[in-house]
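Structural description and commentary
Spelled out, the chains give:
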Amino acid sequence: MKILPPVSIVTRRFLPSSWDVMAAIFVFGLIILFSDASREVIQPLTSLARKPISLDPSALPQYALRTALRMLVALAFSLTFTFTYATWAAKSPRAGTLLVPLLDILQSIPILGFLSVTLVFFLSLAPGRILGAEFAAVFLIFTSQAWNMAFSFYQSLRTVPTELTEAGRVFGLNAWARFWRIEVPFGMPQLIWNMMMSMSGAWFMLVASEAFTVGNTSITLPGIGSYIAAAVEAKSLPAIFWAIGAMLVVILIFDQLLFRPLVAWADRFRIDAEPGDEEVESWALKMYRRSKLFDAIGTPFEILMRRSYQLTPPARKLPVAKAVIPAWLAAGIWYAILVVLGAYVVWRVASFVGASLGFSDFVGVFLRGLATMARVILLIALASLVWVPIGIHVGLRPHLTRIVQPIAQFLAAFPVNLLFPVAVYLIVRWELNPDIWLSPLMVLGTQWYILFNVIAGASALPKELRDVSDNLQIKGWLWWKNVALPAVFPYYVTGAITASGGSWNASIVAEVVSWGSRQLHAFGLGAYIFDATTAGDYHRIVLGLAMMSFLVVTVNRLFWRPLYWYAERKYRMG
């Protein structure tokens, strides 16, 4: 005899729960946001001039929505770039010899450097429409997010424990399935922390992304960044405080609806043999899991992914004879291609720049580059001494991590432009040297790369390793030397490389500061590129970017990369 459940229970299955109501509000809110933004971007580009940025606080919610949408779109592109570019660089040693140095160059190029050579292209995609300018803004935000995430995922792929890879082969997983079932989950905790840092880096460069000038072309898109730029130009302290408040609200919303659920979800991918001390909780993750609406949206994608794991490449029936090329010859051909390509690029840059600039210009730019490099090296060393021990302390304590995460994210996102008034006032008031006292502004936004990566490394420290050190009573400096520092060292190197490149990038806004009509310059490569971009002098822009790329790649090749390879070989888990 079949026992039927009560009617009340059957009916309850079809009634929406509180989680369904919350999910519906969330989904329809996103739909409304996208539709509202879509109507704006098809307007003529000239309408931006007819609607200047208003410093009225009532305009901030609309500006905040526009900024948040640009960041989400850029984050989606950054994830796509990370999963393709970093995987290619990690899986192919030959491709990595080109892709990794290229990534070093890309992360060192300032936002205005990308803008000066891409603005015309993006505006031509939607002639006379705001959409073209939106493309440019999203691309600029992408350039402040993608490189850090790619470096993080590249480091994770290079340090996947051997036993995990072997287990995937034992279970018959193909390369596609191993990537999504083993490699991505292994790198997900660190990638999520770097996604937070990348989002903070986008906030740091938001003013340059939404209000930019190249030569005679000036574009100001509605957003919190352009609001801050207008407040600085008007010297309005109340407007600056309103912008800080709006930025804090948006960061908290991102934390609750995006990053906190991701951190809680990624906790399942820890490589410990036993669960962590404290379970990471998130109300938003419960909503995503328990809502029938999200379940209905995600089910088709889940089925598609599971079926893709079973796909195998078609077998060739007839073997094709292939000429066997010795490995040394193939490597020699590949490196010869790279040398020829590099020589061609150098020749093109030299011929373009040398058409209007002389030898003295090259020497002057090189000296400016050395000045900026000295600032970067000193600031990264000081930031490491401060944030490595703090990051380890926080990462080993989940309850402290939940408190520090949004605070550090807000501090990392704090636009350095808001400190310009204080910097200009103190330097002028006390007659200080701008070459020295503007330097800390370069590391204010990039030092957090070190902190976030060290926290991620300490959070991933297996509990068994901590238990062994406790049982053996390893304490004090011996514990730091043999347990803590080796465990986070690969993560620290990733954060330090990104922080170094970010500091070069930040020099363009830190070596030239203004408050109203007062402007201070420091002697450095960032100030040189800023002045050249403002004047629309493309020869000096290219010279400045080429010199910055050369110095960054040189430092990375001679110092950071050997340190990275040492960390990969010496301190790899498993």
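Because the structure is predicted, anything quoted here is derived from the model rather than measured.

1. What to know about the packing of helix α22 (residues 447-459) against helix α24 (residues 476-510)
- Put simply, α22 and α24 touch, their axes get as near as 8 Å, and they point 160° apart. Between α22 and α24, the crossing angle belongs to the class labelled roughly antiparallel. In this structure, α22 meets α24 at a crossing whose hand is right-handed. Along its contact with α22, which presents Tyr 449, Ile 450, Asn 453, Val 454, Ala 456, Gly 457 and Ala 458, the element α24 presents Val 488, Tyr 491, Tyr 492, Thr 494, Gly 495, Ala 496, Thr 498 and Ala 499.

2. Considerations on the packing of aromatic side chains
- Under the defined criterion, the tally for this structure stands at 22 aromatic pairs.
- On the basis of an interplanar angle of 80° and a centroid distance of 5.5 Å, the ring pair of Phe 81 and Trp 147 is categorised as edge-to-face. Of this pair, Phe 81 sits in helix α4 (residues 60-91) while Trp 147 sits in helix α8 (residues 146-158), placing them 66 residues apart in sequence. Per residue, the accessibility class of Phe 81 equals that of Trp 147, and both read buried.

3. Examining a nonpolar patch on the surface
- Taken together, the side chains of Phe 359, Val 363, Phe 366, Leu 367, Leu 370, Phe 523 and Phe 550 define a hydrophobic patch exposed on the protein surface, amounting to about 660 Å² of accessible area.
- With five residues, helix α17 (residues 359-395) is the single largest residue contributor to the nonpolar patch.
- Note on placement: Phe 359 falls in helix α17.

4. Things to note about the pattern of salt bridges
- The full count for this structure, using the stated rule, is nine salt bridges.
- Two residues, Arg 66 and Glu 134, come together in a salt bridge whose shortest N-O distance is 2.8 Å. Here Glu 134 lies in helix α7 (residues 130-143) and Arg 66 lies in helix α4, a separation of 68 residues in the sequence.
- Judged by its relative accessible area of 6%, Arg 66 is buried.
- Residue Asp 255 is joined to Arg 260 by a salt bridge in which the shortest nitrogen-to-oxygen separation is 3.3 Å.

5. Observations concerning helix α12 (residues 224-234)
- Among the 11 residues of α12, eight are classified as buried, and the element is accordingly described as predominantly covered.
- Residues of α12 that are buried: Ile 224, Gly 225, Ser 226, Tyr 227, Ile 228, Ala 230, Ala 231 and Val 232.
- Lys 235 sits one or two positions beyond α12 and adopts a positive phi of about 55°.

6. Topic: the packing of α17 against helix α26 (residues 538-570)
- Between α17 and α26, the least distance of the axes is 10 Å, while the angle of their chain directions is 45°. Between α17 and α26, the interaxial angle falls into the category oblique. The handedness of the crossing between α17 and α26 is right-handed. The segment α17 lies against α26, with Asp 361, Phe 362, Val 365, Phe 366, Gly 369, Leu 370, Met 373 and Ile 380 engaging Arg 540, Leu 543, Gly 544, Met 547, Leu 551, Val 555 and Trp 560.
- Split into classes, the residues belonging to the contact of α17 with α26 amount to 11 nonpolar, two polar and two charged.

Definitions and cut-offs
Residues numbered from 1 in each chain as written. Predicted model: local features only at pLDDT ≥ 70, side-chain atom pairs only at ≥ 80, totals over all residues. Heavy atoms only, no water. Axes fitted to C-alpha atoms, helices over the stretch in contact; angles between N-to-C directions. Helix = DSSP H or I, 4+ residues; strand = E, 2+ residues; numbered from the N terminus. Parallel < 35°, antiparallel > 145°, perpendicular 65-115°, else oblique. Left-handed = near helix turned anticlockwise from the far one by under 90°. Contact = heavy atoms within 4.5 Å. Phe/Tyr/Trp six-rings, centres within 6.5 Å; stacked < 30°, edge-to-face > 60°. Buried < 20%, exposed > 50% of the residue type's maximum accessible area, 1.4 Å probe, protein only. Patch = residues over 30% accessible without salt bridge, like charges linked within 9 Å, V, L, I, M, F, W, Y side chains within 5 Å. Areas by Shrake-Rupley, 256 points an atom, 1.4 Å probe, with all protein chains shown as cover. Salt bridge = Lys/Arg side-chain N within 4 Å of Asp/Glu carboxyl O. Nonpolar A, V, L, I, M, F, W, Y, C, P; charged D, E, K, R; others polar.

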